[in-house]
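Here is how the chains run, residue by residue.
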Amino acid sequence: MPYIEASFFEDRFADNQFASDMVAELTKAVSAVLGEDIAADTTVVIHGIPRERWGHGGKMMG
């Protein structure tokens, strides 16, 4: 059973469709590799993280 965990900037969730679309597309991507039957057994967890809690390249992004 695939388990996908992904984090995004929290403000992306202002779009009410974002979470639904992301779960559907991540499931579709896994199914493309592992086969269509795996979609029903795929779990996707998405997190919204405030920009001030993200770092990249050794520096805070927020």
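Treat the numbers as computed from the prediction; the structure is a model and nothing was measured.

Caption draft 1: Local environment of the side chain of S31. If you trace the backbone, S31 turns up in helix α1 (residues 18-34). Once residues lying within four places of it in the same chain are set aside, the contact partners of S31 are E36, I38 and A39.

Caption draft 2: Structural context of α1. Look at α1: 24 Å from first C-alpha to last across 17 residues, which is about the 24 Å you get at 1.5 Å a residue. Among the residues of α1, those classed as buried are F18, T27, V30 and S31. If you follow the buried residues of α1, they end up packed against β1 (3-9) and β2 (43-49). Phi for G35, located one or two positions after α1, is positive at around 110°.

Caption draft 3: Structural detail: the nonpolar core. Listed in full, the eight residues of the largest apolar core are I4, A6, F8, F18, V30, I38, V44 and I46. Those elements that provide at least two residues to this core are β1, α1 and β2. In terms of residues, this core owes the most to one element, β1, which gives three residues.

Caption draft 4: Representation of the environment of M61. Within the element layout of this structure, M61 appears in the segment after β4 (59-60). Among the residues examined, M61 registers a relative accessible area of 42% and is labelled partly exposed. Considered as a pair, M61 and S20 are 41 residues apart in the sequence and their alpha carbons are 26 Å apart. Those residues within four positions of M61 in sequence are excluded, and the remaining contacts are F9, R51, W54, G55 and H56.

Caption draft 5: Structural detail: the pattern of salt bridges. Summed over all chains, the structure comprises two salt bridges. Two residues, R51 and D11, come together in a salt bridge whose shortest N-O distance is 2.9 Å. With R51 in the loop between β2 and β3 (55-56) and D11 in the loop between β1 and α1, this pair connects stretches of sequence that are 40 residues apart. A salt bridge links K28 to E25, with the shortest nitrogen-to-oxygen separation between them at 3.2 Å. With K28 and E25 both in helix α1 and three residues apart, this pair spans about one turn of that helix. Classification of E25 by relative accessible area gives partly exposed; the value is 43%.

What counts and what doesn't
Residues numbered from 1 in each chain as written. Predicted model: local features only at pLDDT ≥ 70, side-chain atom pairs only at ≥ 80, totals over all residues. Heavy atoms only, no water. Helix = DSSP H or I, 4+ residues; strand = E, 2+ residues; numbered from the N terminus. Contact = heavy atoms within 4.5 Å. Expected span 1.5 Å × (residues − 1). Buried < 20%, exposed > 50% of the residue type's maximum accessible area, 1.4 Å probe, protein only. Core = buried A, V, L, I, M, F, W, Y, C linked by side-chain atoms within 4.5 Å. Salt bridge = Lys/Arg side-chain N within 4 Å of Asp/Glu carboxyl O.

In short, the description is geometric, and any link to function would need to be established separately.
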